[in-house]
Amino acid sequence: MKTWAILLCCAFLCVCQWAMGQHFRAAAAVRVITPDPLLPVSGGIGTPKKATQKAGELYARAFVMEKGGVRIAIVNVDNLGWPAALGNKSRKLIRGIPPENVLIGATHTHSGPDAYGFPNEKGESFADLAYLDSCVQLIADAVNEATGKLEDASLKIAVGDAKGKIAYNYYADQLYDPRCGVMQAVASEGANKGKTIATLVNYAIHPEVIGSGKGILSPDLCGPLYDRIEAQAGGVAIFMNGAQGGMVTADNRTENGKEANDWNECKRIGELLADEALRIVRDAAVQEDPDLYCVSRRFEFPVDSEIMRFILQKSPIKNEMASENRIVTQLNLLNIGTAQVLTVPGEALPNIGYYVKRHMHTKQPFLFGLTNDAFGYMLTKVDFNSFKRYDYVSRTSLGEMTGEIYIEQALKLISDSPWPATNAPVRGK
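Residues numbered from 1 in each chain as written. Predicted model: local features only at pLDDT ≥ 70, side-chain atom pairs only at ≥ 80, totals over all residues. Heavy atoms only, no water.

Novice: Can you break down the overall build of the protein residue by residue, with the values?
Specialist: Counting its secondary structure elements, the protein contains nine helices and 21 strands. Here the protein has a C-alpha radius of gyration of 21 Å; the compact-globule value for 429 residues is 22 Å, and the two agree. Taken along its principal axes, the extent of the C-alpha atoms in the protein is 80 × 50 × 45 Å. When each of the 429 residues of the protein is scored for burial, the buried share is 58%. Nonlocal contacts in the protein, meaning residues at least 24 apart in sequence, comprise 80% of its contacts between residues at least 6 apart. Placing the 45 positive and 47 negative side-chain charges of the protein at their respective mean positions leaves the two points 3 Å apart. (Helix = DSSP H or I, 4+ residues; strand = E, 2+ residues; numbered from the N terminus. Rg over C-alpha atoms; globule rule 2.2 N^0.38 Å. Buried < 20%, exposed > 50% of the residue type's maximum accessible area, 1.4 Å probe, protein only. Contact = heavy atoms within 4.5 Å. Lys, Arg positive; Asp, Glu negative; His and termini not counted. Charge placed at Lys NZ, Arg CZ, Asp CG, Glu CD.)

Novice: I'd like a rundown of unusual backbone geometry, residues and numbers included.
Specialist: Here Asp 36 and Pro 37 are connected by a cis peptide whose omega angle stands at 5°. With respect to the helices and strands, Pro 37 occurs in the loop between β1 (25-32) and β2 (53-54). The phi dihedral of Asp 220 falls on the positive side, at around 60°, and the residue is not glycine. Mapped onto the fold, Asp 220 is located in the loop between β10 (216-217) and α4 (222-233). Positive phi, close to 55°, is recorded for Asn 385, a residue that is not glycine. Residue placement: Asn 385 occurs in the loop between β20 (377-378) and α8 (391-395).

Taken by themselves, the reported measurements are silent on function.
Dropping the structure here:
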């Protein structure tokens, strides 16, 4: 009898441990990645401009979620872009999460150091590789810290239009996506019960209020967004950009037809977007134990653009090539509770974003732009080189078929994946 009793107790403990491991858990962590001394600022192709001052700090911010046997990390980096070659270095240093489940996206500030290793016309690059290596380590440190402090959590998810003077399309005012997706994880047990763990904001915008020409290193509008959310809601704020290509930018237009290009305007826009995100998620139903699903798929893009070929060949940041003029990338699909997330390895134009979102199996679609890679602009073939306005975005795209290939791969991944939960246990509105 004693033996049976011991076996039953052991079995009960195993079941309890299994059940505990099945509950949704979350955690977040932050690392400052501001270079000291300051490094030149890169706003795109060309030689970086010397920085003489900073406004705000640059960050790597990690949000880790777990449910059952699935664990994912979502990381934002305050930089123009973060190539897979750098992200993969961090993935090798991250413990307890499959590399393909680590999503690293750039906020796209135009006031950060060069992470692409853009070559000049002589093939010379001015990227500080030691600084980039330090960022690689700090990203891994943030993810590992978050993984080490996972705690039981609930989740609130909402998508709604962000109101006010935040973004517009520089090429055609109204051709942008006003929807702002928000995920907020709240501790559900223990000493932190009821406290916010992390608030993730997904919105399409170019953080280029200050830009690269003023000698100021800055997270741009993302810095004030972090500060406002953390002051109002607590926890860690995360920003993942959306389909902001061609040319969805910050609405810093003034009444006199000029633009406001200073830190005060970064604060106005960043704080307004933060307030709107918190408004959108405030009354969302609480998902007590949301499901979690993650899948990834690798595919290739042809590199038809001479400019992009030159960058990929001459840059010291060596991304994986399938052949001389074909590059490999990774696409992720996540189901997080009632939401579905797709990644975009570049700056997709708004029509691509709208089209893909319309085919996602959820009323809460999230699109993480510039995530896992940052390959420049992504246009459909009918837009490519079709309008004078699109000359620049066409030149800095991999090629005419980039958008078409992405859409094909995204729709196939959606079709091959399960739908997000629509009957997750919830309380509240």
